[in-house]
Amino acid sequence: MAVTLGQAEQIVAGALAEGRRQGFMPLTVAVLDPGGCLVALKREDGSGILRPDIAIGKAWAALGMGVPTRRLRDRLADRPAFQAALAAASDGRFVAVPGGVLLKDAAGATIGAVGISGDTSDKDELCAIMGARAAGIATDPPEPPEDWAASKL
């Protein structure tokens, strides 16, 4: 099973709505299917021109390694050569910073990923999780980091 276009549109709408509710900077949201193909992408007015590539790279990295990008960042922090190799192997589509979240079905299988870029990585991740919730889809991670509010400073 893969995330559908309808679900992807709900994820994007929910993520953007959360960003507006929170007063975040303009966001770009990308939803990929389990094979890494783009299902939906929206870039808000004022979101920079690199944001689509970054959002896709976050979702791609999560899918490629099978874990959310927050976990990737933490695991690869002291392994820059391996991180560079992953970026090269993925033609630069590997962005290992928070904001890439796996989408899960009821059985826990990965059905896609959402990647967001536009504000701080913690805020991007929050919007990714809230967008999936708006579509009724579970995520890995299931919750935003407990200290995400500290990034509001």
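Anything mentioned here points back to the structure above.
Quick look at the structure, then. Small disclaimer: the values here were computed from a predicted structure and weren't measured.

**A look at the overall build of the protein chain**
Step number 1: Scanning the protein chain from terminus to terminus reveals 5 helices and 5 strands.
Step number 2: When the elements of the protein chain are put in sequence order from the N terminus, they spell out α-β-β-α-α-α-β-β-α-β.
Step number 3: Its C-alpha radius of gyration of 14 Å places the protein chain within 12% of the 15 Å reference for a compact globule of 153 residues.
Step number 4: If one aligns the C-alpha atoms of the protein chain with their principal axes, the spans along those axes are about 40 × 40 × 30 Å.
Step number 5: Put simply, the protein chain has 153 residues, and 51% of those count as buried.
Step number 6: In the protein chain, of all internal contacts separated by at least 6 residues, the share reaching a separation of at least 24 is 63%.
Step number 7: When the accessible area of the protein chain is evaluated, it comes to approximately 7100 Å², of which 57% is carbon and sulfur surface.
Step number 8: With 16 positive and 18 negative side-chain charges, the protein chain shows a separation of 2 Å between the mean positions of the two kinds.

**Quick word on the environment of Ala113**
Step number 1: Mapped onto the secondary structure, Ala113 falls in strand β4 (residues 110-117).
Step number 2: Placed 75 residues apart in sequence, Ala113 and Leu38 show a C-alpha to C-alpha distance of 9.7 Å.
Step number 3: In this structure, Ala113 is in contact with Ala30, Val31, Leu32, Ala59, Leu63, Val101, Leu102 and Leu103, ignoring residues within four places of it in sequence.

**Considerations on the environment of Ala17**
Step number 1: Structurally, Ala17 is set in helix α1 (residues 5-22).
Step number 2: Looking at Ala17, the relative accessible area reads 47%, which means it is partly exposed.
Step number 3: Between the alpha carbons of Ala17 and Arg133 there is a distance of 12 Å; along the sequence they are 116 residues apart.

**Some remarks on helix α3 (residues 69-76)**
Step number 1: Residues of α3 that are buried: Thr69, Arg70, Leu72 and Leu76. Along the long axis of α3, the arc covered by the buried residues comes to 160°, so they all point the same way.
Step number 2: On the buried face of α3, the contacting elements are α2 (51-65), α4 (80-89), β3 (100-104) and α5 (121-134).

**Notes on the packing of aromatic side chains**
Step number 1: Applying the stated criterion to the full structure yields 0 aromatic pairs.
Step number 2: Its guanidinium or amino end placed over the ring of Trp60, Arg93 lies 3.7 Å from that ring's centre, counting from NZ or CZ.

**A few points about the packing of α1 against α5**
Step number 1: Between α1 and α5, whose axes approach to 7 Å, the crossing angle comes to 130°. The angle between α1 and α5 falls in the class oblique. Helix-helix and strand crossings are classified by hand; for α1 and α5 the assignment is right-handed. Contact residues: α1 offers Gln10, Ile11, Gly14, Ala15, Glu18, Gly19 and Gln22, while α5 offers Leu126, Cys127, Met130, Gly131, Ala132 and Ala134.
Step number 2: The class makeup of the residues in the contact of α1 with α5 is 7 nonpolar, 5 polar and 1 charged.

**Focus: the pattern of salt bridges**
Step number 1: Under the defined criterion, the tally for this structure stands at 9 salt bridges.
Step number 2: Here Arg133 makes a salt bridge to Glu143, at a shortest N to O gap of 2.7 Å. Of this pair, Arg133 sits in helix α5 while Glu143 is found in the segment after β5 (138-140), placing the two residues 10 residues apart along the sequence.
Step number 3: Among the residues examined, Glu143 registers a relative accessible area of 48% and is labelled partly exposed.
Step number 4: One continuous salt-bridge network, built from bridges that share partners, spans Arg70, Asp122 and Glu125.

About the thresholds
- Residues numbered from 1 in each chain as written.
- Predicted model: local features only at pLDDT ≥ 70, side-chain atom pairs only at ≥ 80, totals over all residues.
- Heavy atoms only, no water.
- Helix = DSSP H or I, 4+ residues; strand = E, 2+ residues; numbered from the N terminus.
- Rg over C-alpha atoms; globule rule 2.2 N^0.38 Å.
- Buried < 20%, exposed > 50% of the residue type's maximum accessible area, 1.4 Å probe, protein only.
- Contact = heavy atoms within 4.5 Å.
- Areas by Shrake-Rupley, 256 points an atom, 1.4 Å probe, with all protein chains shown as cover.
- Lys, Arg positive; Asp, Glu negative; His and termini not counted.
- Charge placed at Lys NZ, Arg CZ, Asp CG, Glu CD.
- Arc of directions from axis to C-beta.
- Phe/Tyr/Trp six-rings, centres within 6.5 Å; stacked < 30°, edge-to-face > 60°.
- Lys NZ or Arg CZ within 6 Å of the ring centre and 35° of its normal.
- Axes fitted to C-alpha atoms, helices over the stretch in contact; angles between N-to-C directions.
- Parallel < 35°, antiparallel > 145°, perpendicular 65-115°, else oblique.
- Left-handed = near helix turned anticlockwise from the far one by under 90°.
- Nonpolar A, V, L, I, M, F, W, Y, C, P; charged D, E, K, R; others polar.
- Salt bridge = Lys/Arg side-chain N within 4 Å of Asp/Glu carboxyl O.

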